[in-house]
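Coordinate inspection notes
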Amino acid sequence: MPPSLRDVAVPSTTSSGSWDVPSSPVSRRRVGSAASPPATPDAKASDRTGAFADADPADDASSGVVMLLVPSVTDINGAGGVAARWREYACELERGGYSVELWTVDSEDPDTKIPRYHLANFPGTLTDSPGVGFVWKIWSRLMRAGTAGSARNKKRVRAVIMTDLFSNVPLALLCAGAGVPLVYSIHTDIAQLDGIDLLPSSAAFLQGCAGRLATRCVTTSPSFAKRLRARGIRWVTKHYRPLPVDAVAKAAETAAAAEVRAARAEMSAGAVDRPLLAYVGRWSAEKRLHLLKATRPAGVTLAFIGDGPMREVVEQWHDPPRVVVLPGMRPRASLAVAYRAADWVVSASAFETFGNVPYEAAHCGTPALLQDAQGFEDQIDPETEHRGALLKFDSRDGERLVAEAMDRTSPLLADPERVRAAAREKARDGVGVCDVVAEALAEAAANEDARPRKRRHACLALAFAWATVLALILAVMKVCMVGFMRVGVDFTAGMAHQRGAKKKWRAKRSPSVADDLDELVVRDGDGAPARDLAAKTAGVASPPSPARVLKPRAAGGDGGVTFAGRRKADFAGGLATGRRRATRL
């Protein structure tokens, strides 16, 4: 059977859990093609990636290609929800009859590689580096059919789809000058990104300029579309359907009970009978991970799965069985087991434009506790709470709100089909990417006119100027960030949060805390020393978990003893004793 995008092997993360993943292999073949033969060494040598040279040249000359400019389409969770979404959308475009030319930051082919920019505060982020060279490269591709010997360049570009890139405005100017319809997909609330949040109006200005020049401007959810229109980006009129999650749902359905048990044991550090909350995704400042840690109810385990700029800080929170940190990004299909093993997935982010993780988890039957904010509010109905609950993690009584939400939604743990059904209802909410491209092509055909050469030259000149100025601004910002970091000055909110977290951690780890714990004794009713804290807590069991009561478990392999029937006292060794720092249960 010919290879398809879904079958491409995903590169594994490094031993350190780095989420700066290697180049995606999908950029070397036709995306989702059902007719392309397996790639051979000779074919790979002649194939100039994104053009997918295995297609019929005569057919391509008449139909052309859809140029897709995205940071990545890797399936590694943490490369960003945009990557996972467009991995699926590229397959959908191919199934709809479009030939896709894929340009990514992590492409291995220089002909379709977007130059990369390394942010000082997000060093692992896959984002583009604006510049005159990249602008000229795209302009040449749009204006010329290509040269002999390159199958890719013989294809005419019918339409361009671009997501959130630094070069959005220059690319939109190039499309306007070349007369190529452009679909601008806004997936990121860049106004809340660390560093850009210092001047959020700049984000609205950039997105507004690109949206004004685009033929169609689409985003990810109704609530984010409303937010964008409130900022003056009135050209956003539609939102996409959620990304397909068939592979994740199938992986969850076929996962063996032993796999789920092993995943739960890992995520809870062996305390499998404690309620288990799981955060899955990127560890960065805008995700507000510290709120999850601060609002964790006593007796509950909170697991962090992922990686990102805040890895050093998050790893210091590791305090099993209260907080369990599992660094390293994972393919989406392998996360299906983690979703099933968790009782709830959680997120305190007010930054999301949709939220892929709770949507995927819901298709695996796992409810979610989410921040009452844009994106998430489109997924959970606060009246029915069929998929979980919305709450304010940043409230003063956030811990109480989390505990109450767990109580209200605990019946869902015994009825995963109810969660799946609610998720499936949202699957058709929105417009398909093929429909958006068809509308853009139809509008361009209706308004087709001869593009004056002067207009082309003006658009190209403006794109060059814009890219040059933007590159200079980013260079100055990078120098300032690196310089301030070296002298101990916090240039952004994310830097301040990381520095503050490290300071608090050093205070917690001071010798005085351990000495006080060693000297701590528990007195009996007569007021005399009775026994030390370790002896007092040796037989204390974790609080009853509604997850273990309501969520059925398969029989274990050791003597027929069920997994849910293990003694809770076996996991009491995680209490704060001896020199362990004093934290809640």
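Cut-offs applied
- Residues numbered from 1 in each chain as written.
- Predicted model: local features only at pLDDT ≥ 70, side-chain atom pairs only at ≥ 80, totals over all residues.
- Heavy atoms only, no water.
- Helix = DSSP H or I, 4+ residues; strand = E, 2+ residues; numbered from the N terminus.
- Buried < 20%, exposed > 50% of the residue type's maximum accessible area, 1.4 Å probe, protein only.
- Contact = heavy atoms within 4.5 Å.
- Areas by Shrake-Rupley, 256 points an atom, 1.4 Å probe, with all protein chains shown as cover.
- Core = buried A, V, L, I, M, F, W, Y, C linked by side-chain atoms within 4.5 Å.
- Pairing = 2+ DSSP bridges.
- Axes fitted to C-alpha atoms, helices over the stretch in contact; angles between N-to-C directions.
- Lys, Arg positive; Asp, Glu negative; His and termini not counted.
- Salt bridge = Lys/Arg side-chain N within 4 Å of Asp/Glu carboxyl O.
- Polar contact = N/O pair within 3.5 Å; in protein donor to acceptor, adjacent residues only side chain to side chain.
- Expected span 1.5 Å × (residues − 1).
- Arc of directions from axis to C-beta.
- Phe/Tyr/Trp six-rings, centres within 6.5 Å; stacked < 30°, edge-to-face > 60°.

1. Observations regarding the overall build of the chain
A count of helical and extended segments in the chain gives 21 helices and 14 strands. Counting across all 585 residues of the chain, residues that qualify as buried make up 53%. Within the chain, residue pairs in contact and separated by at least 24 positions form 71% of the contacts whose partners lie at least 6 positions apart. For the chain, the computed accessible surface area is about 24,800 Å², with 56% contributed by carbon and sulfur atoms.

2. Re the nonpolar core
If you look at the biggest cluster of nonpolar residues, it comprises 38 residues, and the most contacted ones within it are Leu69, Ile138, Leu142, Val160, Met162, Leu171 and Leu174. At the level of secondary structure, the elements contributing two or more residues to this core comprise strand E1 (65-69), helix H4 (132-143), strand E3 (157-162), helix H5 (168-178), strand E4 (182-186), helix H6 (200-213), helix H7 (222-230) and helix H17 (453-487). With seven residues, the single largest contributor to this core is H5. Ignoring sequence-local partners within four residues, the contact set of valine 160 consists of Met67, Leu69, Leu142, Cys175, Val180, Pro181, Leu182 and Val183. Core analysis: the second largest hydrophobic core is formed by 30 residues, Ala251, Val260, Leu276 and Phe376 among them.

3. Observations concerning the sheet that holds strand E5 (residues 216-219)
Across the sheet, which stays open at both edges, the six strands sit in the order E2-E1-E3-E4-E5-E6 with parallel pairing between neighbours. Pairing within the sheet leaves two strands with one partner each, and these edge strands are strand E2 (100-103) and strand E6 (236-239). Between one strand and the next, the sheet's axes are offset by a mean angle of 25°, whatever the strand orientation. Most of the contacts of H6 go to E4, to which it runs at about 150°, and overall it touches E3, E4 and E5.

4. A short note on the sheet that holds strand E9 (residues 323-327)
With parallel pairing, six strands are arranged side by side in an open sheet as E9-E8-E7-E10-E11-E12. Looking at strand neighbours, the two that pair on one side only are E9 and strand E12 (388-391), the edges of this open sheet. Going from strand to strand, the sheet's axes swing by 20° on average, the running direction of each strand aside. Inspection of the sheet shows strand E10 (residues 344-347) paired to strand E11 (residues 368-371) by three bridges, in the parallel sense.

5. Notes on the side chain of aspartate 106
In this structure, aspartate 106 sits in the loop between E2 and H4. Among buried Asp, Glu, Lys and Arg side chains, aspartate 106 stands out as unpaired, with lysine 113 the closest opposite charge at 6.8 Å. Separated by 2.8 Å, the side chains of aspartate 106 and serine 72 make a polar contact. Of the polar contacts made by the side chain of aspartate 106, one reaches the side chain of threonine 104; its length is 3.0 Å.

6. Quick look at helix H14 (residues 398-409)
Its twelve residues give H14 an end-to-end C-alpha distance of 16 Å, which sits within 8% of 16 Å, the value for a rise of 1.5 Å per residue. The set of residues buried in H14 consists of Gly398, Val402, Ala405, Met406 and Thr409. Here the buried residues of H14 occupy an arc of 100° about the axis, which is enough to place them on one side. In this structure, the buried side of H14 is in contact with strand E7 (276-282), E10, E11 and E12.

7. A word on the environment of aspartate 273
Structurally, the position occupied by aspartate 273 is in the loop between helix H9 (257-267) and E7. Aspartate 273 sits in the buried class, given a relative accessible area of 3%. Separated by 27 residues in the primary sequence, aspartate 273 and valine 300 place their C-alpha atoms 9.6 Å from one another.

8. Observations concerning unusual backbone geometry
The step from proline 320 to proline 321 runs through a cis peptide bond, and the omega angle for that step is 5°. Along the chain, proline 321 falls in the loop between helix H11 (311-315) and E9. Even without glycine at this site, alanine 269 takes up a positive phi of about 55°. Looking at where alanine 269 falls in the secondary structure, it is placed in the loop between H9 and E7. By relative accessible area, alanine 269 is classed as partly exposed at 42%. The phi angle at arginine 288 is positive, at roughly 55°, despite the residue not being glycine. As for its position among the elements, arginine 288 is in the loop between E7 and helix H10 (289-294). Overall, the relative accessible area of 18% leaves arginine 288 in the buried class.

9. Thoughts on the environment of arginine 216
Along the chain, arginine 216 falls in strand E5. Those residues in contact with arginine 216 that sit more than four places away from it in its chain are Leu182, Val183, Tyr184, Val436, Glu439, Ala440 and Glu443. Among the polar contacts listed, one links the side chain of arginine 216 to the side chain of glutamate 443, at a separation of 2.3 Å.

10. Comments concerning the packing of aromatic side chains
Enumeration according to the criterion identifies eight aromatic pairs in this entry. Judged by centre distance (5.1 Å) and plane angle (90°), the ring pair of tryptophan 86 and tyrosine 89 falls under edge-to-face. One end of the pair, tryptophan 86, and the other, tyrosine 89, are both in helix H3 (residues 81-95), three residues apart, so they sit about a helical turn from each other. Aromatic pair phenylalanine 304 and tryptophan 317: ring centres 5.6 Å apart, planes at 55°, arrangement tilted. Highlighted residues: phenylalanine 304 in strand E8 (residues 301-307) and tryptophan 317 in the loop between H11 and E9, separated in sequence by 13 residues. Cluster of aromatic residues (ring-pair linked, three or more members): Trp86, Tyr89 and Tyr240.

11. Focus on the pairing of E3
Of all six residues that make up E3, five are buried, and the element is covered over most of its length. Relative to E3, E1 is paired through five bridges, and the arrangement is parallel. Bridge pairing in E3 links methionine 67 to valine 160. Judged from the three bridges that link them, E3 and E4 form a sheet pairing that is parallel. Counterpart to isoleucine 161 in the pairing with E4 is valine 183.

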